[in-house]
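Descriptive structure summary
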Amino acid sequence: MAPIYDCSVDSELLTGMRLARGAIGRGELVVIPTDTVYGVAADAFSPAAVQRLLDAKGRGRQSPPPVLVPGIPTLAALAEQVPAEVDALVQAFWPGGLTIVLPAAPSLVWDLGETKGTVALRMPQDRIALEILSETGPLAVSSANLTGRPAARTAAEAEAMLGESVSVYLDGGEAGTAYERVEGKDSSSTIVDATALAAGAGKLRILRHGVITAEQLRAVVGDALAAESDESDESDDAEAVADTAADT
């Protein structure tokens, strides 16, 4: 059984973080808390590690994982371009529960799956996740669950589903408590597709409604966000990133 480290205990936090960093460096998987749900993390720049993540979840390459980043400056390094409206959203909601899909920088040497040139990026609002990210750099992170099962909100729930496929579990308490929990509402991040906006061919579109509401987004970007009636017209490129399974 893979160890679970209680990060509320200083000695376990130090040991767990050290072992988690080592596991990521070896291309293994680690479960970490985020502000929305628990995530299973892998080195984003290791194709073997990303494939291990997909295999652990029972997920195909057509459903590439999002990438969590340690800070706002990393956005410009991983995206081909960052429209002003996206910058405004990032300033308003990062760190936090907003994932943004953008064209990936063509210079990136990674293989996240069938992304069709896009990348989904988020900076989480969780001290443990941010500390790991600050030391490892960007991580491919998907919700810590088997595909088709509810996203884990505790380390124990994640371990029950992923078991020995993960090397280290970091227990940061229940995830998602920073956001209002509404019955029937997705407790994962809200996903916004900015690829059409970046190409000058359309508006921002919500691909998945999560903890950040459409009203909150519109308060920042106004009419740059497509109307609800337009959001069902999603491109294949966007669907490649916004899978129906819950992500972080």
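Attention here is on the structure that accompanies the text. Only a predicted model underlies this, so the values are computations on that prediction, with no experimental measurement involved.

Turning our eyes to something else, we now look at the pairing of strand β3 (residues 39–43). The two faces of the sheet receive side chains in turn, since in a regular strand these alternate between them. Across the five residues of β3, four count as buried, placing the element largely inside the fold. Where strand β2 (residues 30–32) and β3 come together, three bridges link them in antiparallel fashion. Opposite valine 30, over in β3, you have alanine 41 as the bridge partner. Connecting β2 to the next strand, β3, in antiparallel fashion are six residues.

This part covers the nonpolar core. The biggest cluster of nonpolar side chains holds 37 residues, and the ones touching the most others in it are Trp94, Leu98, Ile100, Leu204 and Leu217. Going through the elements one at a time, α3 (73–78), α4 (84–93), β5 (98–103), β6 (118–122) and α8 (214–221) are the ones with two or more residues in this core. Broken down by element, the residue count for this core peaks at four residues, all from α4. Residue contacts for leucine 217: discarding those within four places in its chain leaves Leu89, Phe93, Leu98, Thr190, Val192, Ile206, Ile212, Gly222 and Leu225.

Looking at where arginine 205 falls in the secondary structure, it is placed in strand β10 (residues 205–208). Its relative accessible area of 11% is what places arginine 205 among the buried residues. Within polar-contact distance, the side chain of arginine 205 engages the side chain of aspartate 193 at 2.6 Å.

In this structure the tally under the stated criterion is six salt bridges. Note that arginine 205 is salt-bridged to aspartate 193, the shortest N-O span being 2.6 Å. In this pair, arginine 205 sits in strand β10 while aspartate 193 sits in strand β9 (residues 190–193), placing the two residues twelve residues apart along the sequence.

For the rest of this paragraph, the subject is the packing of helix α1 (residues 10–25) against helix α5 (residues 127–136). Relative to each other, α1 and α5 sit at 45 degrees, their axes nearing to 11 Å. In terms of orientation, α1 lies oblique with respect to α5. Both α1 and α5 take part in a crossing whose hand is right-handed. Counted together, Leu13, Met17, Ala20, Arg21 and Ile24 of α1 and Arg127, Ile128, Glu131, Ile132, Glu135 and Thr136 of α5 form the full contact between these two elements. The class makeup of the residues in the contact of α1 with α5 is six nonpolar, one polar and four charged.

Rules used throughout
- Here the residue numbering is sequential within each chain, running from 1 through the sequence in written order.
- Given that this is a predicted model, residues contribute local features only at a pLDDT of at least 70 and side-chain atom pairs are listed and counted only at 80 or more, while totals for whole chains, interfaces and linings are drawn from all residues.
- With hydrogens and water excluded, all non-hydrogen atoms of the structure serve as input to the side-chain values.
- In this scheme, a residue with accessible area under 20% of its type's maximum is buried, one over 50% is exposed, and one in between is partly exposed, where area comes from a 1.4 Å probe on protein chains only.
- Runs of H or I in DSSP of at least four residues are treated as helices and runs of E of at least two as strands, each being numbered from the N terminus.
- Any two strands with at least two DSSP bridges between them are considered paired.
- Within this scheme, the nonpolar core is defined by two criteria: the residues are buried Ala, Val, Leu, Ile, Met, Phe, Trp, Tyr or Cys, and they are joined through side-chain atoms within 4.5 Å.
- Any two residues having at least one pair of non-hydrogen atoms within 4.5 Å are treated as being in contact.
- Polar contacts here mean pairs of N or O atoms no more than 3.5 Å apart (in protein, one a potential hydrogen donor and the other a potential acceptor; neighbouring residues in sequence count only if both atoms are side-chain atoms).
- Salt bridges are counted wherever a side-chain nitrogen of Lys or Arg sits within 4 Å of a carboxyl oxygen of Asp or Glu.
- Note on definitions: angles span 0 to 180 degrees between N-to-C directions of axes, and those axes are lines fitted to C-alpha atoms, for helices only across the stretch in contact.
- Should an angle fall under 35 degrees it is called roughly parallel, over 145 degrees roughly antiparallel, and 65 to 115 degrees roughly perpendicular, with every other angle called oblique.
- Each helix crossing is assigned a hand: it is left-handed if the near helix lies turned anticlockwise from the far helix by less than a right angle, otherwise right-handed if that turn is clockwise.
- For this classification, the nonpolar set comprises Ala, Val, Leu, Ile, Met, Phe, Trp, Tyr, Cys and Pro, the charged set comprises Asp, Glu, Lys and Arg, and every other residue, Gly included, is treated as polar.

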